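# A closer look at the structure
Below are the chains, spelled out letter by letter.
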Amino acid sequence: QVQLQESGPGLVKPSQTLSLTCTVSGGSITTNYNYWNWIRQSPGKGLEWIGYITFSGSTFYSPSLESRTSISRDTSKNQFTLQLSSVTPEDTAVYYCARGFGWGIQYELDYWGQGTQVTVSS
């Protein structure tokens, strides 16, 4: 039902801002108890949660990344966007957007995009 699609440049230069967009279909990003997440995966690190924007527009970020992270949304386009500033090669990863649904023990990331490779290199 719900589908997510990441888009954005695959190559970003050091010190610049990584910007990715997730387009959601089959569901509204404003639906109650829906949380719209960004997660990344790099070699040896596994999955690292970056942050999310809630159905009401509130944002929450990983403490290790929050100083550089901004997640926003465009409800008219049913899209949400990740911006990660001052990137370094350590930010090279596959970036995923994913829906979280529910709360507490009933919460899960039930729909994922296919992921998009972002390489930080000069």
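These figures come from a predicted structure and were not determined experimentally. Residue indices begin from 1 for each chain and proceed along its sequence in written order. At least 70 in pLDDT is required for a residue's local features to be given in this predicted model, at least 80 for side-chain atom pairs to be given and counted, and no such filter applies to totals for whole chains, interfaces and linings, which use all residues. Only hydrogens and water are removed before side-chain values are computed, so all heavy atoms of the structure are retained for them.

In this section: the state of the cysteines. The disulfide criterion is simple: two cysteine sulfur atoms within 2.5 Å. Counting across every chain of the model gives one disulfide. Residue Cys 22 pairs covalently with Cys 97 via a disulfide, S to S 2.1 Å. Judged by the sign of its S-S torsion, about 65°, the bond between Cys 22 and Cys 97 is right-handed. Taken together, the residues span a long stretch of sequence, with Cys 22 in strand β3 (residues 18-25) and Cys 97 in strand β9 (residues 93-101) at a distance of 75 residues. With respect to class, Cys 22 is no different from Cys 97; both count as buried. Secondary structure follows DSSP: runs of H or I at least 4 residues long count as helices, runs of E at least 2 residues long count as strands, and numbering of each begins at the N terminus. Exposure is judged per residue with a 1.4 Å probe applied to protein chains only, and the accessible area is read against the type maximum: over 50% gives exposed, under 20% gives buried, and values in between give partly exposed.

The next point concerns the nonpolar core. Think of a nonpolar core as a cluster: buried Ala, Val, Leu, Ile, Met, Phe, Trp, Tyr and Cys residues, connected wherever their side-chain atoms sit within 4.5 Å. Residues Leu 18, Trp 38, Phe 80 and Tyr 95 are the most contacted members of the largest nonpolar core, which totals 24 residues. Among the secondary structure elements, those contributing two or more residues to this core are β3, β4 (34-42), β5 (46-54), β8 (79-84), β9 and β11 (116-120). Top element by residues in this core is β3. It accounts for four residues.

This part covers the pairing of strand β10 (residues 108-112). Strand pairing is defined by DSSP finding a minimum of two bridges between the two strands. Bridge count between β9 and β10: four bridges; the pairing is antiparallel. Note that in β10 the partner of Arg 99 across the bridge is Tyr 111.

This part is about the sheet that holds β3. Reading across from one edge, β1-β3-β8-β7 is the order of the four strands in this open sheet, with antiparallel pairing throughout. Single-partner strands in this sheet number two, and they are β1 (3-7) and β7 (69-74). Averaged over all adjacent pairs, the angle separating strand axes in this sheet is 20°, with direction ignored. Fitting a line to C-alpha atoms yields each axis, with helices limited to the stretch in contact; the angle taken between N-to-C directions then spans 0 to 180 degrees.

A word on the environment of Val 2. With respect to the element layout, Val 2 can be found in the segment before β1. By relative accessible area, Val 2 is classed as buried at 10%. As a C-alpha pair, Val 2 and Trp 103 span 101 residues in sequence and 18 Å in three-dimensional space. The contact definition used throughout considers only heavy atoms, calling two residues in contact when any of these lie within 4.5 Å. Look past the residues within four positions of Val 2 in its chain and what remains in contact with it is Val 24, Ser 25, Gly 26, Trp 36, Arg 99 and Tyr 111.

Attention shifts here to the environment of Tyr 95. If you trace the backbone, Tyr 95 turns up in strand β9. Overall, Tyr 95 belongs to the buried group, its relative accessible area being 0%. With residues up to four places along the chain from it excluded, the contact list for Tyr 95 reads Glu 6, Leu 18, Leu 20, Ile 39, Arg 40, Ile 50, Leu 82, Leu 84, Gly 115, Thr 116 and Val 118. Here a polar contact is recorded for every N or O atom pair within 3.5 Å, except that within protein the pair must consist of a potential hydrogen donor and a potential acceptor, and residues adjacent in sequence are included only if both atoms are side-chain atoms. Looking at Tyr 95, its side chain comes within polar contact range of the side chain of Arg 40, at 3.0 Å. A polar side-chain atom of Tyr 95 sits 2.6 Å from the main-chain carbonyl oxygen of Asp 91.

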